[in-house]
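Each chain, written out:
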Amino acid sequence: MSGVCLPVKAWKEDVESFMKQPGNDTADAVLRKLDEQYQKYKYMELNLAQKKQRLKSQIPQIKQTLEILRHMQKKKETTDPMETHFLLADNVYCKASVPPTDKVCLWLGANVMLEYDIDEAQSLLEKNLATASRNLDSLEEDLDFLRDQFTTTEVNMARVYNFDVKKRSKDNLLKSVKMS
C-alpha cells in the first residue's frame, strides 16, 4: 500500500456487544458515524481516482517523449536534418526541419522548461516513467483497499440497522405482552 493513510473499518462480528460500547448509545448515532466514515471513504476514492486518471494520461506522454528522444539520439550522429510535425495548437500541426542536436528542452510543469542533454533527458524521463508506474500500481492497491472498506462499512451499517429493527420489534412485543 502507498503512503496514503487509509483508516481501516473493522468488521463488527458481535453487533450486540458493539452496541453496548461507550459512545454507541443509539443505532441512529452509530449509523451516523458509519455513514460519516463511508462518506470519507467516498471522498478518498474520488481523490485517488483523479490521481489515477492524471497518471494514466501522463504515462503515455512520457513514453512518447522517450520514443522521440531515442529517435533524436540516432539522428544526432548524422548531418541530415530530421523532418517532423509538431503540435502548434489543438489539432494544428506545423512541419519542421530539426537539425541534429544533443540538447532538448523538457516541460517540467508549472510553466517551467529546462534544457537537457539528450542522455540526461532520457535518464530523467525513464526515472519519471518508473515512478509514475509505481504510483499507478500503488493507487490501484489503495482503490482496492477502499472498495473492501466500502463493503465492510455497508455490511456493518446493515447489521446495526437490522439489530435495531430486531431490538425495537422485541421491545414492542414485550410492551404488548405487559399491556395484556
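- For the protein chain, the name recorded in an unreviewed UniProt entry is Prefoldin subunit 3, with Hucho hucho as its organism.
- Listed under Sequence similarities (unreviewed entry) in UniProt, the entry text for the protein chain is "Belongs to the prefoldin subunit alpha family."
- Per UniProt, the protein chain carries the Function (unreviewed entry) text "Binds specifically to cytosolic chaperonin (c-CPN) and transfers target proteins to it. Binds to nascent polypeptide chain and promotes folding in an environment in which there are many competing pathways for nonnative proteins."

Description of the nonpolar core
Then, in step 1: By size, the foremost hydrophobic cluster in this structure holds 24 residues, and its most contacted members are Leu69, Val104, Ala121 and Leu125.
Then, in step 2: Listed by contribution, the elements that provide at least two residues to this core are helix H2 (27-75), strand E3 (103-109) and helix H3 (118-179).
Then, in step 3: Once residues within four sequence positions are removed from consideration, Val104 is found in contact with Leu69, Met72, Leu114, Glu115, Tyr116, Ile118 and Ala121.
Then, in step 4: In terms of nonpolar packing, the next biggest core, distinct from the first, is built from 8 residues, Phe18, Val30, Leu31 and Val160 among them.

Here's the deal with the pattern of salt bridges
Side chains bearing opposite charge may pair, as long as their charged atoms lie close to each other.
Then, in step 1: As enumerated under the stated definition, the model contains 8 salt bridges in all.
Then, in step 2: Taking the shortest distance from any N to any O, the salt bridge between Glu36 and Lys40 comes out at 3.6 Å. Residue Glu36 and its partner Lys40 are located together in helix H2, separated by 4 residues, close to a single helical turn.
Then, in step 3: Judged by relative accessible area, Glu36 falls into the partly exposed class, the value being 47%.
Then, in step 4: Between Glu126 and Arg70 there is a salt bridge, with the nearest N and O atoms lying 3.6 Å from each other. Here Glu126, found in helix H3, pairs with Arg70, found in helix H2; they are 56 residues apart in sequence, far enough to count as distant.
Then, in step 5: Its relative accessible area of 37% is what places Glu126 among the partly exposed residues.

A word on the UniProt feature "coiled-coil region" (unreviewed entry) in the protein chain
Then, in step 1: Within the UniProt annotation, "coiled-coil region" (unreviewed entry) is assigned to residues 122-156.
Then, in step 2: Helix makes up 100% of residues 122-156 and strand makes up 0%, while its end C-alpha atoms are separated by 51 Å.

Side note on the confidence of the model for the protein chain
Detailed conclusions should not be drawn from predicted coordinates in areas where pLDDT is low.
Then, in step 1: Overall, the prediction assigns the protein chain a mean pLDDT of 88, with 93% of residues at 70 or greater.
Then, in step 2: Element-level mean pLDDT values for the protein chain span from 81 in helix H1 (residues 15-19) up to 94 in strand E4 (residues 112-117).

Some remarks on a negative patch on the surface
Then, in step 1: On the surface, Asp102, Glu115, Asp119 and Glu120 cluster together into a negatively charged patch.
Then, in step 2: Secondary-structure assignment places Asp102 in the loop between strand E2 (92-98) and E3.
Then, in step 3: On the basis of relative accessible area, Asp102 is assigned to the partly exposed category, the value being 42%.

Quick notes on the rules
Residues numbered from 1 in each chain as written. Predicted model: local features only at pLDDT ≥ 70, side-chain atom pairs only at ≥ 80, totals over all residues. Heavy atoms only, no water. UniProt positions renumbered as here; feature names shortened; annotations may be inferred. Core = buried A, V, L, I, M, F, W, Y, C linked by side-chain atoms within 4.5 Å. Buried < 20%, exposed > 50% of the residue type's maximum accessible area, 1.4 Å probe, protein only. Helix = DSSP H or I, 4+ residues; strand = E, 2+ residues; numbered from the N terminus. Contact = heavy atoms within 4.5 Å. Salt bridge = Lys/Arg side-chain N within 4 Å of Asp/Glu carboxyl O. pLDDT = per-residue confidence, 0-100. Patch = residues over 30% accessible without salt bridge, like charges linked within 9 Å, V, L, I, M, F, W, Y side chains within 5 Å. Areas by Shrake-Rupley, 256 points an atom, 1.4 Å probe, with all protein chains shown as cover. Lys, Arg positive; Asp, Glu negative; His and termini not counted. Charge placed at Lys NZ, Arg CZ, Asp CG, Glu CD.

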